[in-house]
Amino acid sequence: MAGIKALISLSFGGAIGLMFLMLGCALPVYNAYWPLFLLFFYILCPIPYCISRRVVDDSDSASNACKELAIFMTTGIVVSAFGLPVIFARALVIEWGACALVLTGNIVIFATILGFFLVFGSNDDFSWQQW
């Protein structure tokens, strides 16, 4: 039952994060949909780590280059997702208020993605690898 509560809370967090992203785009004051390009970063973020989890055997406790490369690529994607709205705001493509809403949505969505991997990342019988 704890897995269902975690799944419901993670979906609620994702919905709140997407709400902040949509508010940064669709409010009549801002009315610019350029921040929706961040959806690509949200989709790309977990892919390197998922691939490395499939490739790497976790039996050894030593550092693994494939896993570290995946974490490095994921970090680059997350930093780019935080940098893009700031660049848009500096170039006056979007307003600074929209940038703040989008950055708030980024924090919530990336925390939700991290929470998903923390909750479902273990190799127990309620794992995301079974999906």
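Placed above this text is the structure.
Now for a quick tour of the structure. In this text, all values refer to a predicted model and were calculated from it rather than measured experimentally.

About the criteria used
Residues numbered from 1 in each chain as written. Predicted model: local features only at pLDDT ≥ 70, side-chain atom pairs only at ≥ 80, totals over all residues. Heavy atoms only, no water. Phe/Tyr/Trp six-rings, centres within 6.5 Å; stacked < 30°, edge-to-face > 60°. Helix = DSSP H or I, 4+ residues; strand = E, 2+ residues; numbered from the N terminus. Axes fitted to C-alpha atoms, helices over the stretch in contact; angles between N-to-C directions. Parallel < 35°, antiparallel > 145°, perpendicular 65-115°, else oblique. Contact = heavy atoms within 4.5 Å. Nonpolar A, V, L, I, M, F, W, Y, C, P; charged D, E, K, R; others polar. Expected span 1.5 Å × (residues − 1). Buried < 20%, exposed > 50% of the residue type's maximum accessible area, 1.4 Å probe, protein only. Polar contact = N/O pair within 3.5 Å; in protein donor to acceptor, adjacent residues only side chain to side chain. 1 Å grid on protein atoms, 1.4 Å probe; cavity = no way out; pocket = protein on both sides within 12 Å on 5 of 7 lines; lining within 4 Å. Points joined across faces, edges and corners; volume = space filled by probe spheres on them.

Quick look at the packing of aromatic side chains
Scanning all chains against the criterion turns up seven aromatic pairs. Judged by centre distance (5.5 Å) and plane angle (75°), the ring pair of Y42 and F110 falls under edge-to-face. Pair noted here: Y42 is in helix α2 (residues 38-44) and F110 is in helix α5 (residues 96-120), with a separation of 68 residues, a long-range link. Ring geometry for F116 against F117: centres 5.6 Å apart, planes inclined by 80°, an arrangement best described as edge-to-face. Clustering of aromatic rings is evident, with ring pairs tying together W34, F37, F40 and F88.

Observations concerning the packing of helix α3 (residues 47-55) against helix α4 (residues 65-90)
In the contact formed by α3 and α4, the axes pass within 8 Å of each other and the chain directions differ by 170°. The orientation of α3 with respect to α4, classified from their angle, is roughly antiparallel. Contacts from P48, Y49, S52 and V55 in α3 reach C66, K67, A70, I71, M73, T74 and I77 in α4. Across the contact of α3 with α4, the residue classes break down as eight nonpolar, two polar and one charged.

Some details on α4
For the α-helix, the turn length of 3.6 residues means that residues three or four positions removed from each other point alike. Look at α4: 37 Å from first C-alpha to last across 26 residues, which is about the 38 Å you get at 1.5 Å a residue. Every buried residue of α4 is accounted for by A70, T74, I77, A81, P85, F88 and A89. Packing partners of the buried residues in α4 comprise α2, α3 and α5. Sitting at the amino-terminal end of α4 is N64, which places a side-chain oxygen 3.3 Å from the backbone nitrogen of C66. L92, located one to two residues past α4, shows a positive phi value of around 60°.

Description of the layout of surface pockets
Each pocket or cavity is described by its volume, and for the largest pocket that value is around 300 Å³. Lining the largest pocket are C45, P46, Y49, I71, T74, V78, F110, A111, I113, L114, F117 and L118. The set of elements that each furnish at least two residues to the lining of the largest pocket consists of α4 and α5. The dominant element in the lining of the largest pocket, judged by the number of residues it contributes, is α5, at six residues. A class-by-class count of the residues in the lining of the largest pocket yields eleven nonpolar, one polar and no charged. Volume-wise, the second largest pocket comes out at about 240 Å³. Around the second largest pocket, the lining residues are L10, G14, L18, L39, Y42, I43, P46, I109, T112, I113, F116 and F117. Of all the secondary structure elements, the ones that give two or more residues to the lining of the second largest pocket are α1 (2-26), α2 and α5. In terms of residue count, the dominant contributor to the lining of the second largest pocket is α5 (five residues).

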